[in-house]
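Close look at the chain arrangement
Each chain is listed here by its residues.
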Amino acid sequence: MIEIDNVSKWYSDFQVLKGCTTKVAKGEVVVVCGPSGSGKSTLIQCVNALEPFQQGDIRIEGVSVRDRKTDLPKVRARVGMVFQHFELFPHLTVIANLCIAQMKVLGRGREEATKKAMALLERVDLKEQAPKYPGQLSGGQQQRVAIARALAMDPIAMLFDEPTSALDPEMINEVLDVMVALAQEGMTMMVVTHEMGFARKVAHRVIFMDKGEIVEDAPKEDFFGRPRSERAQLFLSKILQH
Amino acid sequence: MLTGFDFDVIWRSLSYLFLDGMVFTVQLTLLSAAGGIILGTLIAMMRLSSLAPLSLFAAGYVNLVRSLPLVLVIFWFYFLIPWVWQWVTSAPRPVPVGAFLSALITFTMFEAAYYAEIMRAGIQSVRKGQVGAGYALGMTYGQVMGYVVLPQAFRNMLPVLLTQTIILFQDTSLVYVLSITDFLGAASKIANRDFRPVEMYLFAAVVYFAISFTLSSLVRQLQSRIAIVR
């Protein structure tokens, strides 16, 4: 479904991604981890071409996101994305946040969009918050709204870019619960996160990145059981100590 | 000192001052503010564009206009526009466009440069992640601007836009150099007709002050309300 093929990216002289290659199959949950500055966020932002890259290619259901002829908005509309800082639209109510792209991008009518939005808000347990503005919600609630907003587009896959990194500890689980449920329903997911508990629970594969390279790309059991590279072993020992 | 004052001249000319003069001033202010904000927003978007020719053109326009005295531009356009219009429509002789239209075009284009800088700051005040979120939902550049960035930019910049409009309201008095009957022009005409310059110019100053000061106070209130909402 998502093919990342030898992707390299530079910020002027500095190379942030070095020939990254991997695949995410339909229904697969792939967790991307690694120390900060390893390029994992950059890589996931390349998948729907929010970040340009200079070499290699990424294809979503066979459609290249680097090809100039590709209708990028159309490709992006099919891939949901959740950001570290939520990025809800602060000038719109929660319900309007869920409806705007449905109506303006997918061309759904107001009634249909609202119905879909309310169903999703119910699913993330935030139905009562529909008329409020994002600023009136807690971080965990905002992130759940952001997930619902992405799901409202009926995506074929979901990208999560450190969805719990900006949250207070007591709010992390309410967001992870939604993500776990989504994974168990068979959603195709690529998740950049440090939450190894989440990875253990629902990931099929774990990708470990360091210094812009994919160092390890292994089934969950292998990655946690016997990581091959020294760098991954070091990372795991640091992150799993406590 | 006030014994020589003839307040009656003000009273007698109120309807001319306000119905002719002030109506013109307010119309010119509102129309050129609307035009200036629209044009200024477009220029700001061009200036922030990644396409070099667009951003160079916009930067050049803003820097040129902001380096010229307004009175000069008013004169210049008043005499230039008929010739431009002749050239555009290939009419046999220069086409007079009328003082109001000439002033409106001048102020719209002049103020656009100032509004553009305000809107540029406004657009840059919107977090980059908001743009990313819009694109990630499948929006086009136009949709991201129209539904996500500009509404927030306008809201953030509303007090500054209004303050600039109050300055524009005062600046419109410069059209009096074209003998147009705006508020100041009306006051000046009566001052000359009845030989009452002190009363008329004093009254004009009081009116400009009262309106501008009231509006500025309202903007300050608005500013503190917006600050709470955010």
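1. Details of the overall build of chain A
For chain A, the count of helices and strands is nine helices and ten strands. Overall, chain A is about 55 × 45 × 30 Å in size when its C-alpha atoms are taken along their principal axes. In chain A, buried positions account for 56% of the 242 residues. A sequence separation of at least 24 residues applies to 64% of the contacts in chain A between residues at least 6 apart. As presented, chain A carries roughly 10800 Å² of accessible surface, and 48% of it is formed by carbon and sulfur atoms. Put simply, chain A has 31 plus and 31 minus side-chain charges, and the middle of one group is 3 Å from the middle of the other.

2. Looking at the pairing of strand E2 (residues 14-24) of chain A
Residue and element names in this part refer to chain A. Of the pairings in the sheet, the one linking strand E1 (residues 2-11) to E2 comprises seven bridges and is antiparallel in character. Residue pairing across strands places Lys9 opposite Leu17, the latter belonging to E2. What sits between the antiparallel neighbours E1 and E2 is a turn of two residues, in which Ser12 has the positive phi angle 45°.

3. Concerning the interface of chain B and chain A
In this assembly, 18 residues from chain B lie in contact with 20 residues from chain A. In total, chain B and chain A occlude about 1600 Å² of area from one another, counting both sides; carbon and sulfur atoms represent 65% of this. Taken as a group, Ala136(B), Leu137(B) and Tyr147(B) account for 35% of the area that chain B buries against chain A, more than any other trio of residues on that side. The interface formed by chain B and chain A includes one salt bridge. Residue Glu87(A) is joined to Arg127(B) by a salt bridge in which the shortest nitrogen-to-oxygen separation is 2.8 Å. At the level of elements, helix H5 (128-136) and helix H6 (141-171) of chain B are the ones that each hand at least two residues to the side of chain B that touches chain A. Ranked by residue count, the leading element in the side of chain B that touches chain A is H5(B), at seven residues. For the side of chain B that touches chain A, the class distribution of residues is eight nonpolar, eight polar and two charged.

4. Structural notes on the pattern of salt bridges
Residue and element names in this part refer to chain A. Counted according to the given criterion, the structure contains 27 salt bridges over all chains. With a closest N to O distance of 2.5 Å, Lys116 and Asp154 form a salt bridge. Linking Lys116 in helix H4 (residues 110-123) with Asp154 in the loop between helix H5 (139-151) and strand E7 (157-161), this pair joins segments that are 38 residues apart in sequence. You can call Lys116 partly exposed: its relative accessible area is 27%. Between Arg123 and Glu185 there is a salt bridge; the shortest N-O distance is 2.9 Å. Remark: Glu185 occurs in the loop between helix H6 (169-184) and strand E8 (189-192) and Arg123 occurs in helix H4; sequence separation between them is 62 residues.

5. Observations regarding the sheet that holds E2(A)
Residue and element names in this part refer to chain A. Read from one edge to the other, the open sheet built from four strands follows the order E2-E1-E4-E5, with strand pairing classed as antiparallel. Both edges of this open sheet fall to E2 and strand E5 (63-64), since each of them pairs with a single strand only. On the sheet, helix H1 (residues 40-47) packs against E1, E2 and strand E4 (55-60) and is oriented at approximately 120° with respect to E1.

6. Some points on the side chain of Thr29(B)
Residues and elements named next belong to chain B. Counting through the fold element by element, Thr29 comes out in helix H1 (residues 8-47). Thr29 gets classed as buried once you look at its relative accessible area, which sits at 4%. Among the polar contacts listed, one links the side chain of Thr29 to the backbone oxygen of Thr25, at a separation of 2.7 Å. Leaving out residues up to four positions away in the same chain, Thr29 has contacts with Thr165, Leu168, Phe169 and Thr172.

7. Notes on the confidence of the model for chain B
Looking at chain B as a whole, the pLDDT averages 91, with 97% of positions reaching at least 70. We note a pTM of 0.89 for the whole complex and an ipTM of 0.95 for its interfaces.

8. Quick look at the packing of aromatic side chains
Counted under the stated rule, the structure contains 13 aromatic pairs over all chains. Considering the side-chain rings of Phe75(B) and Phe79(B), the 6.2 Å spacing of their centres and the 5° angle between planes classify their relative orientation as stacked. On the criterion of helical spacing, the pair formed by Phe75(B) and Phe79(B) is a turn pair, its members being four residues apart in helix H3 (residues 70-89). Each ring, one from Tyr78(B) and one from Phe79(B), has its centre 5.4 Å from the other, and the planes form 70°; the classification is edge-to-face. By the ring-pair criterion, three or more aromatic residues cluster together here, those being Phe18(B), Phe169(B), Phe183(B), Phe203(B) and Tyr208(B). Directly above the aromatic system of Phe89(A) lies the positively charged group of Arg149(A), at a separation of 4.5 Å from the ring centroid. Arg200(A) extends its terminal NZ or CZ atom over the ring of Phe224(A), reaching a point 4.4 Å from the ring centre.

9. Details of a nonpolar patch on the surface
All names here are of chain B. A grouping of Val71, Phe75, Trp76, Phe79, Leu80, Val84, Trp85, Trp87, Val88, Tyr176, Val177 and Tyr201 is seen on the molecular surface, where their side chains present a nonpolar patch of about 1200 Å² in accessible area. Top contributing element to the nonpolar patch by residue count: H3, with nine residues. Mapped onto the elements, Val71 comes out in helix H3. A relative accessible area of 30% places Val71 in the partly exposed class.

10. So, unusual backbone geometry
The residue Asp154(A) is not glycine, and still its phi comes out positive at about 50°. Asp154(A) sits in the partly exposed class, given a relative accessible area of 41%. With a phi angle near 60°, Ser179(B) is a residue other than glycine that sits in the positive phi range. Take Ser179(B): it is sitting in the loop between H6 and helix H7 (183-194).

11. Describing the side chain of Asp57(A)
All names here are of chain A. Position of Asp57 among the secondary structure elements: in strand E4. Side chain to side chain, Asp57 and Arg59 meet in a polar contact 3.5 Å long. Within polar-contact distance, the side chain of Asp57 engages the side chain of Ser64 at 2.9 Å. Residues in contact with Asp57, not counting those within four places in the same chain, are Glu3, Ile4, Asp5, Val7, Ser64, Val65 and Arg66.

Conventions we followed
- Each chain carries its own residue numbering, running from 1 in the written order of its sequence.
- For naming, the first written chain is A and the first written ligand is 1, with later ones following in the order written.
- The predicted nature of this model means local features are confined to residues of pLDDT at least 70 and side-chain atom pairs, given and counted, to a pLDDT of 80 or more, with totals for whole chains, interfaces and linings taken over all residues.
- With hydrogens and water set aside, each side-chain value is computed from the structure's full complement of heavy atoms.
- Here a strand is any run of E in DSSP of at least two residues, a helix any run of H or I of at least four, and the numbering for each starts at the N terminus.
- Using a 1.4 Å probe on the protein chains alone, a residue whose accessible area is under 20% of its type maximum counts as buried, one over 50% counts as exposed, and one in between counts as partly exposed.
- We call two residues in contact whenever any of their non-hydrogen atoms come within 4.5 Å of each other.
- Using the Shrake-Rupley algorithm and a 1.4 Å probe, accessible areas are obtained, with residue cover drawn only from the displayed protein chains.
- Asp and Glu count as negative and Lys and Arg as positive, but His and the ends of the chain are not part of the count.
- Charged side chains are reduced to one point each, which is NZ for Lys, CZ for Arg, CG for Asp and CD for Glu.
- Whether two strands pair comes down to DSSP finding at least two bridges between them.
- The quantity reported as buried area is the accessible area (1.4 Å probe) lost by two parts once they are put together, taken as the sum for both.
- Salt bridge, as applied in this entry: a Lys or Arg side-chain nitrogen positioned within 4 Å of an Asp or Glu carboxyl oxygen.
- Gly counts as polar in this scheme, as do all residues outside two lists: the nonpolar Ala, Val, Leu, Ile, Met, Phe, Trp, Tyr, Cys and Pro, and the charged Asp, Glu, Lys and Arg.
- For helices, the fitted line uses only the C-alpha atoms of the stretch in contact; every axis is such a line through C-alpha atoms, and the angle between N-to-C directions lies from 0 to 180 degrees.
- A 3.5 Å cut-off defines polar contacts: any pair of N or O atoms within that distance qualifies, except that in protein one atom must be a possible hydrogen donor and the other a possible acceptor, and neighbouring residues in sequence count only when both atoms are side-chain atoms.
- The predictor reports its confidence for every residue as pLDDT, a score running from 0 up to 100.
- Planes of paired rings set the category: under 30 degrees apart is stacked, over 60 is edge-to-face and the rest tilted, where pairs are Phe, Tyr or Trp rings (Trp by its six-membered ring) whose centres lie within 6.5 Å.
- Placement of a positive charge over a ring is assigned whenever Lys NZ or Arg CZ falls within 6 Å of the ring centre and within 35 degrees of the normal to the ring plane.
- Each patch is assembled from residues with relative accessible area greater than 30% and no salt bridge, linking like charges that lie within 9 Å and nonpolar side chains (Val, Leu, Ile, Met, Phe, Trp, Tyr) that lie within 5 Å.

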